[in-house]
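# A closer look at the structure
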Amino acid sequence: MERYDIAIVGSGPAGLSAALNAKIRNKSFIIFGHKDLSNKLIKAPKINNYLGFYGSNGSELKDMFLEHINKMGIKITEERVNNIYAMGDYFALMVNDKMYEATSVILATGMEYNKPIKGEVELLGKGVGYCATCDAPLYRDKVVSIVGYNKEAEEEAKYVSELASKVYYVPMYKDNYDIGENVEVIEEKPVEIIGEGKVSSLKLQNTELQTDGVFVLKDSISPGQLVPGLEIVDGHINVDREMKTNISGCFAAGDCVGKPYQYIKSAGEGNIAALSAVKYIDSLKNK
Ligand SMILES: Cc1cc2nc3c(=O)[nH]c(=O)nc-3n(C[C@H](O)[C@H](O)[C@H](O)COP(=O)(O)OP(=O)(O)OC[C@H]3O[C@@H](n4cnc5c(N)ncnc54)[C@H](O)[C@@H]3O)c2cc1C
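Owing to the predicted nature of the structure, the values given are computational and were not obtained by experimental measurement.

### Comments concerning the overall build of the chain
The helix and strand tally for the chain stands at seven helices and 17 strands. Summarising its shape, the C-alpha atoms of the chain cover approximately 55 × 45 × 35 Å along the three principal directions. Expressed as a percentage of the 287 residues in the chain, the buried residues total 52%. Carbon and sulfur atoms make up 49% of the accessible area of the chain, which amounts to about 14200 Å² in all.

Structure follows, in structure tokens:
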């Protein structure tokens, strides 16, 4: 299996800027994310604080970012990283049923503004999950509820509906849902995930769904969940000025390390994180 020098998790401005600098420094790397780069980017109506791009909207900035990485031959691997384990001198990144290896990792996963649903944290792994496609086989012929924060969650709902006996889809956004026939859409806010030791129901504003599993599908999962052992302070990854975390070889950049939440700060930190990762890799090679 190829072991990359750097694995970059996230394709927002922090991750992309890290990728550019890894490329310039001639390191082997893989960057995980999606083709639209970042939902937060495409949503921005007008961006006047990104130097050099006065008056652009998020979608225009996204196109310029894409053109830039395409010209530099950088390809985004459209996969979601579910867990990252520090193995000593390398990291194992789990992606559904696949695994990738890298000597260093840059976390650029952005920030999830939504608070967890009541019961979500307590019942995580006991019927609550963050990756429907990974865990779908556990719910064969069972009832599954999916709380989807973005359009990609619709794909996961479709896939789960091929195995589960019943799928409820609770969208946290307004749109036309492309969801398949056997999925029931319920447009109500979730209030609480209920269960004694394991999930039994999902309470919504007006309804209570009897369910065996609840998948909460957000843009990013909390970094502490993603990387066991990672030091978190006030909901953000703790880093120093070199963007080093408490785990040797693991760096972080962008919204996930703290405020202010801004594009250019994220890009700047991605740059630092990549250069620090390069320094780390070179120091191992010179040992
Ligand atoms: C409506 C709106 C308007 C804004 N306007 C401005 C503005 O005018 N100026 C400004 O400076 N800032 C603005 N911001 C803030 C800006 O969007 C963020 O600061 C910036 O996007 C943060 O960049 P990032 O790279 O840290 O993370 P993000 O842009 O959030 O990107 C993170 C990426 O990582 C991916 N990811 C997360 N976890 C995983 C995983 N496990 N596996 C694979 N991929 C993963 C996500 O899907 C996402 O694509 C605005 C935000 C919003 C919502």
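Structure shown, so let's carry the discussion forward.
### Thoughts on the pairing of strand β4 (residues 83-86)
In the sheet, β4 pairs with strand β5 (residues 91-95) via four bridges, with the strands oriented antiparallel. By the bridge assignment for β5, I84 is matched with L93. Here β4 folds back onto β5 in antiparallel fashion, the turn holding four residues, of which G88 has a positive phi close to 105°.

### Overview of the site of the ligand
Residues in contact with the ligand amount to 30 residues; listed here are only the nearest, L37, S38, V81, D255 and Y263. At 3.0 Å from an oxygen atom of the ligand is found a main-chain nitrogen or oxygen belonging to Q262. In the complex, 88% of the free accessible area of the ligand, which totals 1000 Å², lies under the protein chains. Counted by class, the shell around the ligand contains eleven nonpolar, 13 polar and six charged residues.

### Notes on the UniProt feature "domain: FAD/NAD(P)-binding" (unreviewed entry) in the chain
UniProt feature "domain: FAD/NAD(P)-binding" (unreviewed entry): in the numbering of this structure it lies at residues 4-270. Counted over residues 4-270, helix gives 21% and strand 28%. Its end C-alpha atoms are 18 Å apart.

### What to know about unusual backbone geometry
Cis peptide bonds are those with omega within 30 degrees of zero, and the linkage from K259 to P260 qualifies with -5°. On the secondary structure map, P260 appears in the loop between β17 (250-252) and α7 (263-285). Although it is not a glycine, N26 adopts a positive phi angle of roughly 65°. Positive phi is not limited to glycine here, since D234 has a value of about 50°. Among the structural elements, D234 can be located in the loop between β15 (232-233) and β16 (236-237).

### As for the pairing of strand β1 (residues 3-9)
Most of β1 is tucked away, with six of its seven residues classed as buried. With six bridges connecting them, β1 and strand β6 (residues 98-107) associate as parallel partners. Looking across to β6, one finds that Y4 is bridged to A102. The pairing of β1 with strand β2 (residues 29-32) spans four bridges and is parallel. Bridge assignment links V9 to a residue of β2, and that residue is F32. Assessed by its sense of winding, the connection that carries the chain from β1 through helix α1 (residues 13-24) to β2 is right-handed.

### Structural notes on the domain arrangement of the chain
Splitting the chain by domain gives domain 1 (4-112 + 220-286) and domain 2 (128-217). Centre-to-centre separation of domain 1 and domain 2, based on C-alpha positions: 29 Å. Where domain 1 abuts domain 2, roughly 510 Å² becomes buried across the two surfaces, and 55% of that area is made up of carbon and sulfur atoms. Among the residues of domain 1 in contact with domain 2, N39, N96 and I221 are the three that bury the most area, contributing 51% of the side total. Remark: the boundary between domain 1 and domain 2 carries zero salt bridges. The tally of links between domain 1 and domain 2 comes to zero residue pairs in polar contact (both at pLDDT 80 or more). Split by residue class, the side of domain 1 that touches domain 2 holds one nonpolar, five polar and no charged.

### Quick notes on the state of the cysteines
For the structure shown, the criterion picks out one disulfide. There is a disulfide in this structure between C131 and C134, and the S-S distance comes to 1.9 Å. Across the disulfide from C131 to C134, rotation about the S-S bond amounts to roughly 80°, and the bridge is consequently right-handed. The exposure class assigned to C134 is partly exposed, which follows from its relative accessible area of 26%. C256 takes part in no disulfide bond, and the closest cysteine sulfur to it belongs to C250, at a distance of 9.3 Å. By relative accessible area, C256 is classed as buried at 1%.

Definitions and limits used
Residues numbered from 1 in each chain as written. Predicted model: local features only at pLDDT ≥ 70, side-chain atom pairs only at ≥ 80, totals over all residues. Heavy atoms only, no water. Helix = DSSP H or I, 4+ residues; strand = E, 2+ residues; numbered from the N terminus. Buried < 20%, exposed > 50% of the residue type's maximum accessible area, 1.4 Å probe, protein only. Areas by Shrake-Rupley, 256 points an atom, 1.4 Å probe, with all protein chains shown as cover. Pairing = 2+ DSSP bridges. Near = heavy atom within 4 Å. Polar contact = N/O pair within 3.5 Å; in protein donor to acceptor, adjacent residues only side chain to side chain. Nonpolar A, V, L, I, M, F, W, Y, C, P; charged D, E, K, R; others polar. UniProt positions renumbered as here; feature names shortened; annotations may be inferred. Right-handed = clockwise from strand over helix to strand, strands pointing away. Domains from an automatic or database assignment. Buried area = accessible area lost by both parts, 1.4 Å probe. Salt bridge = Lys/Arg side-chain N within 4 Å of Asp/Glu carboxyl O. Disulfide = S-S within 2.5 Å.

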